[in-house]
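Spelled out from the first residue to the last, the chains are:
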Amino acid sequence: ASASDTVNVQAGVYTDGAVTVNTAGITANSEAGVSGFSFVLGSANTLTLAGAGDVNADGNANANTLAGSAGVNTLKGLAGADNLTSNAGADTVDGGTGIDTANYAITYVGAITESSTLLVDGDTVSNVELLAFTDATVAIVGRGGSEYTTLNATNLLVSSTTKFWGNLAINSSTFTDALELDALTARFVAGSTVTVDTTGMNSVQLAAVAANTTTSGVVIYPPVQVVSGSTITGYFTTIQAGIDFATAGDTVNVAAGSYSTNLSITKRITLDGAGSGTDGTVITSATTASPVINVTGSGDSSANRLVIKDLRLTGGFGGTGNNGAGILFTAATPTESRGFITVDNVTATGNSGAGIAFNGGSSASAFNDVKVLNSTLSSNPIGMRIATAVISMTDLLVDGCTVSSNADFGLVVNPDGVTCASTGFVISNSTFTANGTAGYATASREGDISIGGFNGTLAMTNVTVDGSTTATAADFGISIGGFSTTPRAAGSMSFTNVSVTGNYSRPSLIAANTGGH
């Protein structure tokens, strides 16, 4: 046959009917009733099927053009950038390798279904990258064997008018602003699976995602959000990544869930969880002899505080006191005084160190304006510990707290009883229950509240101290004065509506207490 000739195939069932086509531009016409017959491109690169017979056409390694007939055809492009046109009949269209196009004389809306193998206008379609309809060209992304695997890469290869269908994954590299995102999602075809990874997106991108009707409906945000003022500036999969990204004054919000990690805070931020209950934000220590949260940062003023709130901290292990604490605040030297700190609605429980610990670094240190509010410190060796290395704790407020079942102390300040400059303590609306249950021996002197070497001001209001549930009596309910054989003068103290009940080895209030912890 010559170019533009027509080759006719008579009706019949062919079991080995295969013809190699070496002449370009011919038309293969098959009568109704033809089946089992195939044309295979040899040196030719084009072939048009005609008639009502069920015949097949296979391409070669080049860029082929294959057109189907009114019968049921199988069109295989094989290698090369092929152009395949289905006609009537439930055809099988397989592009093979290369960037292939399948053509359909219908509109694109609602035309594409299924996933691994596509259904288009009654045809089964696979390994095709582009579907050309009468009103649009649609790039297939991540489905049906398409070599277009990602939205980002595909968008760089196709025209700005090409639409997208398939697995459309948006991330920080997909767009720069709302205009780009809106223009991109306007090209998405219904039936696609759209996902959004906000990790690494800046505030402009995040705002665009939230405002876009396509992305806002499908985005699943990572659990850690950083907010600067009222602007969301980033999302992260780990808490520490959010802390590291945040700048001074930012808020790091952590969604409810369980996190196995140890955190370091070196700057003035607000770390805010979703609650201190077991269904809130639960952080469990992952590293031995380390606090769950280690804080070396500080607030700047009473209005610009370092805040830790709405968390449950547990599982500190491999250490006592500072090591294995729920939260450890450290000030290295007096010249690096830490302060303007708020701990609010935090539960620290089941740690091998103190629930909350304040400590000095290589030398004595100081803290000021510290508020521990609405928190529960339980089932630790010590509920809250202010080490002797802290030579000054000024303006400490403990309010609305429950401190219970800590083995040695509920609250201990300056356990070695040396002279210190701490003052301005207020303990209010709080309960201390069954602390000191494991350390009642004479040498230990353990109990609910112990403030040693103290000559500052103190006010206790609406405080309940109860040792009645203690199996073996603790040493004391409240001890103020010092672990010293010589009592020291105290400053101004007031006690309003303070009750001490239960069995203790020593009186509830004592001025001198030998030993240490």
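Cut-offs used in this document
Residues numbered from 1 in each chain as written. Predicted model: local features only at pLDDT ≥ 70, side-chain atom pairs only at ≥ 80, totals over all residues. Heavy atoms only, no water. Helix = DSSP H or I, 4+ residues; strand = E, 2+ residues; numbered from the N terminus. Rg over C-alpha atoms; globule rule 2.2 N^0.38 Å. Buried < 20%, exposed > 50% of the residue type's maximum accessible area, 1.4 Å probe, protein only. Contact = heavy atoms within 4.5 Å. Pairing = 2+ DSSP bridges. Axes fitted to C-alpha atoms, helices over the stretch in contact; angles between N-to-C directions. Salt bridge = Lys/Arg side-chain N within 4 Å of Asp/Glu carboxyl O. Phe/Tyr/Trp six-rings, centres within 6.5 Å; stacked < 30°, edge-to-face > 60°. Lys NZ or Arg CZ within 6 Å of the ring centre and 35° of its normal. Core = buried A, V, L, I, M, F, W, Y, C linked by side-chain atoms within 4.5 Å. Arc of directions from axis to C-beta. Polar contact = N/O pair within 3.5 Å; in protein donor to acceptor, adjacent residues only side chain to side chain.

Asks: Quick one: what's the story with the overall build of the protein, residue by residue and with numbers?
Replies: A count of helices and strands for the protein gives five helices and 42 strands. Computed over C-alpha atoms, the radius of gyration of the protein comes to 37 Å, more than 25% over the 24 Å expected from 2.2 N^0.38 for 517 residues, which places it beyond the range of a compact globule. For the protein, the spread of C-alpha atoms along the principal axes amounts to about 120 × 45 × 35 Å. Within the span of the protein, comprising 517 residues, buried residues form 50% of the whole. Across the protein, contacts joining residues at least 24 apart in sequence account for 63% of those joining residues at least 6 apart.

Asks: Just give me the short version of the sheet that holds strand 15 (residues 130-132), but keep the residues and values in it.
Replies: Spatial strand order, 1-3-5-7-9-11-15-16-17-18: 10 strands in an open sheet with mixed pairing. A strand with exactly one partner marks an edge of an open sheet, and here the two such strands are strand 1 (6-9) and strand 18 (193-196). On average, each strand axis in the sheet is tilted by 20° relative to the strand beside it, whichever way the strands run. Across four bridges, strand 17 (residues 163-170) lies against strand 18 in parallel orientation. Note on strand 18: the bridge partner recorded for Asn167 is Thr193.

Asks: Go over unusual backbone geometry, please, and point to the residues and values.
Replies: Unlike most non-glycine residues, Ala289 shows phi in positive territory, near 55°. Relative to the elements of secondary structure, Ala289 occurs in the loop between strand 25 (281-284) and strand 26 (293-295). Given a relative accessible area of 30%, Ala289 falls into the partly exposed group.

Asks: Can you lay out the pattern of salt bridges for me, pointing to particular residues and giving the numbers?
Replies: Applying the stated criterion across every chain, the model contains three salt bridges. Ionic pairing is found between Asp300 and Arg268, a salt bridge with its closest N-O pair at 2.8 Å. A residue pair is termed long-range when its members are at least 10 positions apart, and Asp300 in the loop between strand 26 and strand 27 (306-314) and Arg268 in the loop between strand 23 (263-265) and strand 24 (270-272) qualify at 32 residues. Through salt bridges with shared partners, a single network forms among Arg305, Asp369 and Lys371.

Asks: Run through the packing of aromatic side chains, naming residues and quoting values.
Replies: Taken as a whole and assessed by the stated rule, the structure comprises 10 aromatic pairs. Pairwise contacts between aromatic rings join Tyr14, Phe37 and Phe39 into one cluster. Taking the ring centre of Trp165 as reference, the NZ or CZ of Arg143 above it sits at 4.7 Å.

Asks: Which residues make up the nonpolar core, and what are the values?
Replies: Counting residues in hydrophobic clusters, the biggest one holds 58 residues, and the most contacted among them are Leu271, Ile293, Ile308, Phe329 and Phe358. Core analysis: the next-biggest nonpolar cluster, separate from the first, contains 33 residues, Leu41, Ala57, Ala102 and Phe133 among them.

Asks: Kindly report on helix 2 (residues 178-185), identifying the contributing residues and their values.
Replies: Looking at helix 2, one finds that the buried residues are Leu181, Leu184 and Thr185. Projected down its long axis, helix 2 shows its buried positions confined to an angular sector of 90°, all on one face. Here the buried face of helix 2 lies against helix 1 (151-157), strand 17, helix 3 (203-211) and helix 4 (213-216). A distance of 3.3 Å separates the backbone nitrogen of Leu179 from a side-chain oxygen at the start of helix 2, and that oxygen is part of Asp177.

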